[in-house]
Amino acid sequence: SRECQQVAAEAARAATDASALARASGVAPSTTAMVAAARGVLAGHPGIAGTVGVSGGRVSVDTRASAETVFLSMVGVRSLPASGHAVAVLKGSGE
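**Q** Help me understand the side chain of Thr-16 in this model?
**A** Relative to the helices and strands, Thr-16 resides in helix H1 (residues 2-18). Of note is the side chain of Thr-16, whose polar atom sits 2.9 Å from the backbone oxygen of Arg-13. Those residues in contact with Thr-16 that sit more than four places away from it in its chain are Arg-23, Val-59, Ala-88 and Leu-90.

Next up, the structure:
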């Protein structure tokens with residue numbers, strides 16, 4: 001779960017970083033570029049799946065993965081789900 005949370009936060013930051021120049025110039029940021037940046041981070045973590053949303057000045061990233069168990073597999077629990085969530089709020093250059 002910690003890794004999922006860290007990846008979600010990293011992806012959300014990447015999305016806001018992708019919009020920094022536009023925001024600093026007073027131009028509306030490209031949602032497509034922001035989503036692509038976040039997805040690029042997710043692609044770098046093959047064991048973690050995720051979704052990215054941009055709405056109302058907020059970037060939201062949800063991640064999920066499955067962790068294989070060692071001892072719990074003896075009682076039939078072969079894996080445990082893990083998830084993470086991060087939100088980054090876009091601020092203008094004057095905020």
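**Q** Hey, could you run me through the side chain of Ser-19 in this one?
**A** Following the sequence through the fold, Ser-19 ends up in the loop between H1 and helix H2 (20-24). The buried category is assigned to Ser-19, whose relative accessible area is 1%. Discounting chain neighbours no more than four positions away, the residues touching Ser-19 are Pro-29, Met-34 and Leu-90.

**Q** Explanation requested: helix H3 (residues 31-43) in the structure shown.
**A** Two residues of an α-helix separated by three or four positions point the same way, owing to the 3.6 residues in each turn. Here H3 spans 18 Å end to end across 13 residues, near enough to the 18 Å set by a 1.5 Å rise per residue. Three or more residues of H3 are buried, namely Met-34, Val-35, Ala-38, Val-41 and Leu-42. Each buried residue of H3 lies within a common arc of 120 degrees when the element is viewed along its axis, so the set occupies one face. Pointing more than 90 degrees away from the buried face of H3 are the exposed residues Thr-32, Arg-39 and Ala-43. Buried residues along H3 sit in contact with H1, strand S1 (49-55) and strand S2 (58-68).

**Q** Looking at this structure, how should I read the nonpolar core?
**A** By size, the foremost hydrophobic cluster in this structure holds 20 residues, and its most contacted members are Ala-11, Ala-12, Val-52, Val-59 and Val-61. Elements that contribute at least two residues to this core include exactly H1, H3, S2 and strand S3 (79-89). The element contributing the most residues to this core is H1, with 7 residues. Contacts of Ala-12, omitting those with residues within four sequence positions, involve Val-59, Val-61, Ala-86 and Ala-88.

**Q** Even after reading the chapter, I still don't get H1, so can you show me in this structure?
**A** An ideal rise of 1.5 Å per residue puts 24 Å on 17 residues; H1 measures up with 24 Å between its terminal C-alpha atoms. Among the residues making up H1, those that are buried are Cys-4, Val-7, Ala-8, Ala-11, Ala-12, Ala-14, Ala-15 and Thr-16. Of the surrounding elements, those touching the buried residues of H1 are H2, H3, S2 and S3.

**Q** Before we go on, may I ask you to explain the environment of Glu-10 in this structure?
**A** Looking at the secondary structure, you find Glu-10 in helix H1. A sequence separation of 32 residues divides Glu-10 from Leu-42, and the C-alpha atoms of the two residues are 8.8 Å apart.

**Q** I'm lost on a nonpolar patch on the surface in this one. Help?
**A** On the surface, Val-70, Phe-71, Leu-72, Met-74, Val-75 and Leu-80 cluster together into a nonpolar patch covering about 670 Å² of accessible area. Exposure remark for Val-70: the relative accessible area of 58% places this residue in the exposed category.

Cut-offs and rules
Residues numbered from 1 in each chain as written. Predicted model: local features only at pLDDT ≥ 70, side-chain atom pairs only at ≥ 80, totals over all residues. Heavy atoms only, no water. Helix = DSSP H or I, 4+ residues; strand = E, 2+ residues; numbered from the N terminus. Polar contact = N/O pair within 3.5 Å; in protein donor to acceptor, adjacent residues only side chain to side chain. Contact = heavy atoms within 4.5 Å. Buried < 20%, exposed > 50% of the residue type's maximum accessible area, 1.4 Å probe, protein only. Expected span 1.5 Å × (residues − 1). Arc of directions from axis to C-beta. Core = buried A, V, L, I, M, F, W, Y, C linked by side-chain atoms within 4.5 Å. Patch = residues over 30% accessible without salt bridge, like charges linked within 9 Å, V, L, I, M, F, W, Y side chains within 5 Å. Areas by Shrake-Rupley, 256 points an atom, 1.4 Å probe, with all protein chains shown as cover. Salt bridge = Lys/Arg side-chain N within 4 Å of Asp/Glu carboxyl O.

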